Amino acid sequence: MEDLKLKLEQLHQRVDALKDQINTEEATKNAFVMPFIQILGYDIFNPTEVIPEHICDIGTKKGEKIDYVIKKDNEPIFIIECKHWKQDADAHNSQLHRYYHVSKSRFGILTNGHIYNFYADLERPNIMDEKPFFTLNLSDLKDSSLKILENFTKNGFSLENILDSAEALKYIKAIRSEFEKELQDPSDEIVKLLVNRFFDKPLTAPRMATFREYTKRAFSNSINESISFRLKNALNINESIPVRAAEVVSPIDENVETPKFITTQEEIEGSQIVKAILREVVPASRIAFRDTQSYFGVLLDDNNRKPLCRLHFNFSTKYIELFHNGKDNGERKQLNSLDDIYTFKNELLSTVKNYQ
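What you see is a predicted model, and the numbers here were worked out from it, not measured in a lab. (Residues numbered from 1 in each chain as written. Predicted model: local features only at pLDDT ≥ 70, side-chain atom pairs only at ≥ 80, totals over all residues. Heavy atoms only, no water.)

**Some words on the overall build of the protein chain**
Rules: Only DSSP runs of H or I reaching four residues or more are called helices, and only runs of E reaching two or more are called strands; each is numbered from the N terminus. Only protein chains enter the calculation, and the probe is 1.4 Å; a residue is then buried if its accessible area is under 20% of its type maximum, exposed if over 50%, and partly exposed in between. The accessible surface values rely on the Shrake-Rupley method and a 1.4 Å probe; as for residues, cover is taken only from the protein chains in view.
A count of helices and strands for the protein chain gives nine helices and eleven strands. Residues counted as buried form 42% of the 356 residues belonging to the protein chain. Only carbon and sulfur atoms are counted for the fraction: they give 49% of the accessible area of the protein chain, which is about 19500 Å².

In structure tokens, the structure reads:
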């Protein structure tokens, strides 16, 4: 799995470096998708294994073509439909849906070269589902995703293993999506479900608005406290993470502004790596954290004029912003993983010295 992860990380770097020069769908296929197929172990130069532009007649439509059909033991195992890298990989599955029906393959992949959506026929035989059961994002490679992807490699392909997990993956993904929507914007149903368990008065419109804000805040507090607890146990850190202003419970009314950000686990883990580096030269008590809508800041003495670094983790490409040169505006460096923060140890230590 490590070899697969390394090759996919290298492909992600290639996509990031070349995408602005890729102007067509055909170029996307050649530069991004064919290397992906090769990483899975299939011979892109063997026309009996990787078949490009495979003709797939559909009813009265003749000459329709699938971008790629991947075969093993002379049987189609999955098909791939490609889009330009700028296009949304979720928005064009109607074409793949038509091809799937006549391809005799159990799996279809729709991709824009950096996001890969995997489809099956879990709901109705030989009719592709509307939603993918698995999505691989090259900018966010999780070990769990790599384990699933291994079942699609030439050496590891297993129809049974994929089908055994596909249904669970599909519905877990759907449930998680609905859960995350509730965290961001609790519905009336979830608010009523929770509040009616302890509040026996009528839920008027003003009360619903107030309890919706309470629910948002409760969700945020619970998640952040859980992350903090687990992280401190894992790293054996005794210092507590300062509570953000958005977590302080206070009376609210309909006009209270909803918190616009939630500290993520990655931000906390990244900041703790920075703290571990800087503890070599300053006490941990002098290292403070502040979350904002646009970045997660690490400060010396909780002073905005003494930024140690900023973590920009709100987008698919992650950056650390360094201030070792004493600039008003920091210098951004791309991170492919949280471990990359360690490569900037000297710059971080240099920043601390600038303030002493």
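Having put the structure on the table, let's press on.
**Observations concerning the side chain of Thr215**
This is how it is decided: The contact criterion used is simple: two residues touch if any of their non-hydrogen atoms lie within 4.5 Å.
Locating Thr215 in the fold gives a position in helix 7 (residues 205-235). Once residues lying within four places of it in the same chain are set aside, the contact partners of Thr215 are Pro186, Val191 and Leu194.

**Describing the packing of aromatic side chains**
Any pair of aromatic rings gets described here by the distance separating the centres and the angle formed by the planes. Selection criterion: By convention, a stacked pair of Phe, Tyr or Trp rings (six-membered ring in the case of Trp) has centres within 6.5 Å and planes under 30 degrees apart, an edge-to-face pair has planes over 60 apart, and any other such pair is tilted. The criterion for a charge sitting over a ring is simple: Lys NZ or Arg CZ within 6 Å of the ring centre, and within 35 degrees of the ring normal.
All chains considered together, the criterion is met by eleven aromatic pairs. Consider the rings of Phe118 and Phe152, whose centres lie 4.8 Å apart with planes at 55 degrees: the pair is tilted. One end of the pair, Phe118, is in strand 5 (residues 115-119); the other, Phe152, is in the loop between helix 4 (143-150) and helix 5 (159-184), with 34 residues separating them in the sequence. Judged by relative accessible area, which is 1%, Phe118 ranks as buried. Among the aromatic residues, those joined into a cluster by ring pairs are Tyr42, Phe78, Phe107, Phe118, Phe133, Phe134 and Phe152. Between Lys29 and the ring centre of Tyr68, over which it is positioned, the NZ or CZ distance is 5.9 Å.

**Observations regarding the sheet that holds strand 10 (residues 318-322)**
Here is the rule: At least two bridges found by DSSP between two strands is the condition for calling them paired. Lines fitted to C-alpha atoms define the axes here, with helix axes fitted over just the stretch in contact, and angles between the N-to-C directions of these axes take values from 0 to 180 degrees.
In space, the five strands of this open sheet follow the order 7-8-9-10-11, with antiparallel pairing throughout. With one partner strand each, in any of the chains shown, strand 7 (287-291) and strand 11 (331-335) form the two edges of the open sheet. This sheet shows a mean twist of 20 degrees between the axes of neighbouring strands, independent of strand direction. In this structure, strand 10 lies alongside strand 11, joined through five bridges in antiparallel fashion. Residue pairing for strand 11: Lys318 is matched across the bridge by Leu335. Its contacts with the sheet put helix 8 (residues 265-278) on strand 7, strand 8 (296-300), strand 9 (307-312) and strand 10, and the angle it makes with strand 7 is roughly 160 degrees.

**Quick look at the confidence of the model for the protein chain**
For clarity, the threshold we go by: Per-residue confidence from the prediction method is given by pLDDT, with values spanning 0 to 100.
When the pLDDT values of the protein chain are averaged, the result is 82; 85% of them are 70 or greater. Mean pLDDT across the secondary structure elements of the protein chain bottoms out at helix 3 (residues 93-103), with 69, and peaks at helix 2 (residues 25-39), with 93. Every residue in residues 237-259 is under pLDDT 50, and counting partners more than four places away or in other chains gives 40 contacts.

**A word on unusual backbone geometry**
For Asp301, which is not a glycine, the phi torsion comes out positive at approximately 60 degrees. In this fold, Asp301 is placed in the loop between strand 8 and strand 9. Judged by its relative accessible area of 34%, Asp301 falls in the partly exposed class. Non-glycine residue Asp302 carries a positive phi angle of around 55 degrees. Among the structural elements, Asp302 can be located in the loop between strand 8 and strand 9. Here Asp302 falls in the partly exposed class, since its relative accessible area comes to 40%.

**As for helix 4**
Inclusion rule: Arc definition: it is the arc formed by the directions from the helix axis to the C-beta atoms.
Taken residue by residue, helix 4 has Ser145, Leu146, Ile148 and Leu149 as its buried positions. Down the axis of helix 4, the smallest arc covering the buried residues is 160 degrees, so these residues share one side. Those residues of helix 4 that are buried are in contact with helix 1 (2-18), helix 2, strand 5, strand 6 (134-137) and helix 5.

**Considerations on the pattern of salt bridges**
Stated precisely, the cut-off is as follows: Within this document, salt bridges are pairs made up of a side-chain nitrogen of Lys or Arg and a carboxyl oxygen of Asp or Glu, the two lying within 4 Å of each other.
Per the stated rule, a full pass over the model turns up 19 salt bridges. In this structure, Lys83 and Glu81 form a salt bridge, with 3.9 Å as the shortest nitrogen-oxygen distance. Each member of the pair, Lys83 together with Glu81, is buried. Where Lys318 meets Glu266, a salt bridge forms, and the shortest distance between an N and an O atom there is 3.6 Å. Taken together, the residues Lys318 in strand 10 and Glu266 in helix 8 connect sequence positions 52 residues apart. The exposure class assigned to Glu266 is partly exposed, which follows from its relative accessible area of 31%. Through salt bridges with shared partners, one network takes in Glu26, Lys29, Glu53 and Asp67.

**Looking at the pairing of strand 10**
The side chains of a regular strand alternate between both faces of the sheet. With four of its five residues buried, strand 10 lies for the most part within the structure. Looking at chain direction, strand 9 and strand 10 are connected through four bridges and run antiparallel. Paired with Cys309 across the strands is Leu322, a residue of strand 10. Counting the residues in the hairpin turn of strand 9 and strand 10 gives five residues.

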